[in-house]
Amino acid sequence: MQTKPLTAILAALATTLAGPALAHHSFAAEFDANAPIELTGTVTKVDWANPHTYFYIDVTNAKGDVQNWALEMGSPNGLMRRGWTRDSMKIGDVVTVTGWRAKDGTTKGNARSVVLSTGRKLFAGSSQESGDGK
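Predicted model, so just to flag it, every value in this text is computed and none were measured.

What counts as what
Residues numbered from 1 in each chain as written. Predicted model: local features only at pLDDT ≥ 70, side-chain atom pairs only at ≥ 80, totals over all residues. Heavy atoms only, no water. Helix = DSSP H or I, 4+ residues; strand = E, 2+ residues; numbered from the N terminus. Buried < 20%, exposed > 50% of the residue type's maximum accessible area, 1.4 Å probe, protein only. Contact = heavy atoms within 4.5 Å. Phe/Tyr/Trp six-rings, centres within 6.5 Å; stacked < 30°, edge-to-face > 60°. Lys NZ or Arg CZ within 6 Å of the ring centre and 35° of its normal. Core = buried A, V, L, I, M, F, W, Y, C linked by side-chain atoms within 4.5 Å. Polar contact = N/O pair within 3.5 Å; in protein donor to acceptor, adjacent residues only side chain to side chain. 1 Å grid on protein atoms, 1.4 Å probe; cavity = no way out; pocket = protein on both sides within 12 Å on 5 of 7 lines; lining within 4 Å. Points joined across faces, edges and corners; volume = space filled by probe spheres on them. Nonpolar A, V, L, I, M, F, W, Y, C, P; charged D, E, K, R; others polar. Salt bridge = Lys/Arg side-chain N within 4 Å of Asp/Glu carboxyl O. Pairing = 2+ DSSP bridges.

I keep staring at the environment of Asp-65 and nothing clicks. Help me out?
You can see Asp-65 is positioned in the loop between strand 2 (54–60) and strand 3 (66–72). Assessed through its relative accessible area of 42%, Asp-65 is described here as partly exposed. Ignoring any residue separated from it by four or fewer positions in sequence, one finds Asp-65 in contact with Val-59 and Thr-60.

Okay, structure coming up:
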């Protein structure tokens, strides 16, 4: 049957092409270690997924405009080792984040720590902490 070799080739090709899209990136490739940020905002979304957990907050800037920031943290397993659970941060919570801004100047950052609405401070598993960005 001719379809089995074709299916195997297509599956191998799809796996090969998908790998780089999911690959871990270095801190220095995307974030600026010389551009620290501290943001306080309301959580709008949490994506608890590999290879990085992301959360999104609405932040009111100096002009009074609301900006939605995407903030990267470590992997779910790394976060759990630091005391996080899937319920640590919920939509509607007000949090304060320290970290670094994206090199492209967008409203994206790499979180170093998060002060939760309960007052508890948790570290975010930043790739900068591991020396990855140096």
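Explain the packing of aromatic side chains to me, please; I cannot follow it from the model alone.
The geometry of an aromatic ring pair is captured by the separation of the ring centres together with the interplanar angle, meaning the angle of the planes. Counted according to the given criterion, the structure contains 1 aromatic pair. Where Tyr-54 meets Tyr-56, the ring centres are 6.5 Å apart and the plane angle is 25°; that geometry is what we call stacked. Looking at Tyr-54, the relative accessible area reads 17%, which means it is buried. Stacked on the ring of Tyr-56, the Lys or Arg Lys-45 has its end atom at 5.5 Å from the ring centre.

It is not clear to me how the nonpolar core should be interpreted in this structure. Could you clarify?
Nonpolar side chains tend to gather and get buried jointly when the protein is soluble and globular. With 20 residues, the main nonpolar core has Phe-55, Ile-57, Met-73, Trp-84 and Val-95 as its most contacted residues. Elements that contribute at least two residues to this core include exactly strand 1 (31–47), strand 2, strand 3, strand 4 (94–102) and strand 5 (108–115). Setting aside residues up to four positions removed in sequence, Phe-55 forms contacts with Lys-45, Val-46, Trp-69, Ala-70, Leu-71, Met-73, Met-89, Val-95, Val-97, Ala-111 and Val-114.

Quick question: what am I supposed to make of the side chain of Asn-110 here?
Mapping Asn-110 onto the fold places it in strand 5. The buried category is assigned to Asn-110, whose relative accessible area is 1%. Engagement of the side chain of Asn-110 in a polar contact is seen with the side chain of Glu-72, the distance being 3.1 Å.

Even after reading the chapter, I still don't get the environment of Thr-42, so can you show me in this structure?
Structurally, Thr-42 is set in strand 1. Taking relative accessible area as the criterion, Thr-42 reaches 31% and is therefore assigned partly exposed. Placed 14 residues apart in sequence, Thr-42 and Tyr-56 show a C-alpha to C-alpha distance of 8.2 Å.

How do you make sense of empty space enclosed by the protein when you look at a structure like this?
Over the atoms, a rolling probe the size of a water molecule traces out where space has been left empty. Counted under the stated rule, the structure contains 1 cavity of 30 Å³ or more. The space that makes up the largest cavity amounts to roughly 40 Å³. Taken together, Val-46, Trp-48, Met-73, Trp-84, Thr-85, Arg-86, Ser-88 and Met-89 form the lining of the largest cavity. Class assignment for the residues of the lining of the largest cavity results in 5 nonpolar, 2 polar and 1 charged.

What should I look at first to understand the pattern of salt bridges in this one?
Where side chains of opposite charge bring their charged atoms close, a pairing between them can arise. In the structure shown here, the tally under the stated rule is 2 salt bridges. A salt bridge links Lys-45 to Asp-47; the nearest nitrogen and oxygen atoms lie 3.9 Å apart. When its relative accessible area of 40% is taken as the criterion, Lys-45 is described as partly exposed.

Can you help me understand the pairing of strand 4 in this one?
The side chains of a regular strand alternate between the sheet's two faces. Sheet topology places strand 1 next to strand 4; 8 bridges connect them, and they run antiparallel. Bridge pairing in strand 4 places Glu-38 opposite Thr-98. By the bridge criterion, 6 bridges tie strand 4 to strand 5 in an arrangement that is antiparallel. Bridging from a neighbouring strand, Trp-100 pairs with Asn-110 of strand 5. Joining the antiparallel neighbours strand 4 and strand 5 is a turn of 5 residues, in which Gly-105 adopts a positive phi near 80°.

Functional significance is not addressed by these values, which are geometric in nature.
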